[in-house]
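Coordinates in review
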Amino acid sequence: MRIGFDVDGVLADFHSPFLAEVSKIVGELPEGTLLPTFDAPLRYGCTQEQTDDIRRRIMESETFWELLPTYPWTHDVLERLHSLRAAGHDIYFITNRPGRYAKLQTEHWLYRFGFDNPTVLITAKKGFAALTLDLDTYIDDLPSNIEEVAKVINNERFVRGQESSFPGIYILNQPGNVDFKFQGYARSPVKRVDSPMQMLDEILPK
Ligand SMILES: [Mg+2]
């Protein structure tokens, strides 16, 4: 099986350090504050200049991505993915991280948490990545990415006259996406999960 994984918001906790950077400027933010995108600090009192400056510092950092914290499930999920690769499955880590050495930092980070020699792809075009790699399944936390992957896969299957053999596209429940309603595509259903392990258990039961 060919399995695609988003990184930030799925395996790596980008949000906490990003929030810390914003708090340095505007002070402590209320619990539950969500900063899902690089321009989100504008909504919490940062000026455009300060917002640009945070992004610039992250992009110029040679360690920001490499030092991101994990989620409670990250170690177990990477261990499982590692053994799935050893069993012959193809694992792709697909991320839109910007900045210096973003790919190399991501590779180091994955290695540090248990996945050696990972295949990391840096792209904003996740739908085309899923199509080109002929993925069987994909997980992400950002609704716009899920919508794009679902649409591209659905269109491809429609053109080829295929029914849905895609085991599914998964969105990981995170505070920023729980209210999002998917348009839905017949040939590329989207399923919600509370952890990436739930997705792996579903597509490849032990
Ligand atoms: Mg993400």
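Residues numbered from 1 in each chain as written. Predicted model: local features only at pLDDT ≥ 70, side-chain atom pairs only at ≥ 80, totals over all residues.

**Re the nonpolar core**
By size, the foremost hydrophobic cluster in this structure holds 42 residues, and its most contacted members are Phe5, Ala130, Ile139 and Val149. A total of five residues in this core trace back to one element, the largest contributor, which is helix α6 (residues 143–160). Two domains each put at least three residues into this core: domain 1 (2–12 + 68–203) and domain 2 (15–60). In this view, Ala130 contacts Gly4, Leu135, Tyr138, Val149, Val152 and Ile153; residues no more than four positions away in its chain are not counted. (Core = buried A, V, L, I, M, F, W, Y, C linked by C-beta atoms within 7 Å. Buried ≥ 20, exposed ≤ 12 C-beta atoms within 10 Å, placed from the backbone. Helix = DSSP H or I, 4+ residues; strand = E, 2+ residues; numbered from the N terminus. Domains from an automatic or database assignment. Contact = placed C-beta atoms within 7 Å.)

**Topic: the pairing of strand β5 (residues 168–172)**
Judged by how many residues are buried, β5 sits mostly within the fold: four of five residues are covered. Taken together, the four bridges between β5 and strand β6 (residues 190–193) define a ladder with parallel strand orientation. Bridge pairing links Leu172 to Val193 in β6. (Pairing = 2+ DSSP bridges.)

**Observations regarding the packing of helix α3 (residues 74–86) against helix α7 (residues 196–203)**
Packed helices, taken two at a time, are described by their axes: the angle between them and the distance between them. The N-to-C vectors of α3 and α7 enclose an angle of 30 degrees; their axes lie 9 Å apart at closest approach. It follows that α3 is roughly parallel to α7 by the angle criterion. The handedness of the crossing between α3 and α7 comes out as left-handed. Residues Asp76, Val77 and Arg80 of α3 pack against Pro196, Met197 and Leu200 of α7. (Axes fitted to C-alpha atoms, helices over the stretch in contact; angles between N-to-C directions. Parallel < 35°, antiparallel > 145°, perpendicular 65-115°, else oblique. Left-handed = near helix turned anticlockwise from the far one by under 90°.)

**Side note on α3**
With 13 residues, α3 should reach 18 Å at 1.5 Å per residue; the first-to-last C-alpha distance of 18 Å fits that figure. By the burial criterion, the buried members of α3 are Thr74, Val77, Leu78 and Leu81. An end-on view of α3 places all buried positions within 95 degrees of arc, on one side of the element. Facing away from the buried side of α3 by more than 90 degrees, the exposed set consists of Ser83 and Ala86. Of the residues flanking the end of α3, it is Gly88, one or two places downstream, whose phi is positive at about 105 degrees. (Expected span 1.5 Å × (residues − 1). Arc of directions from axis to C-beta.)

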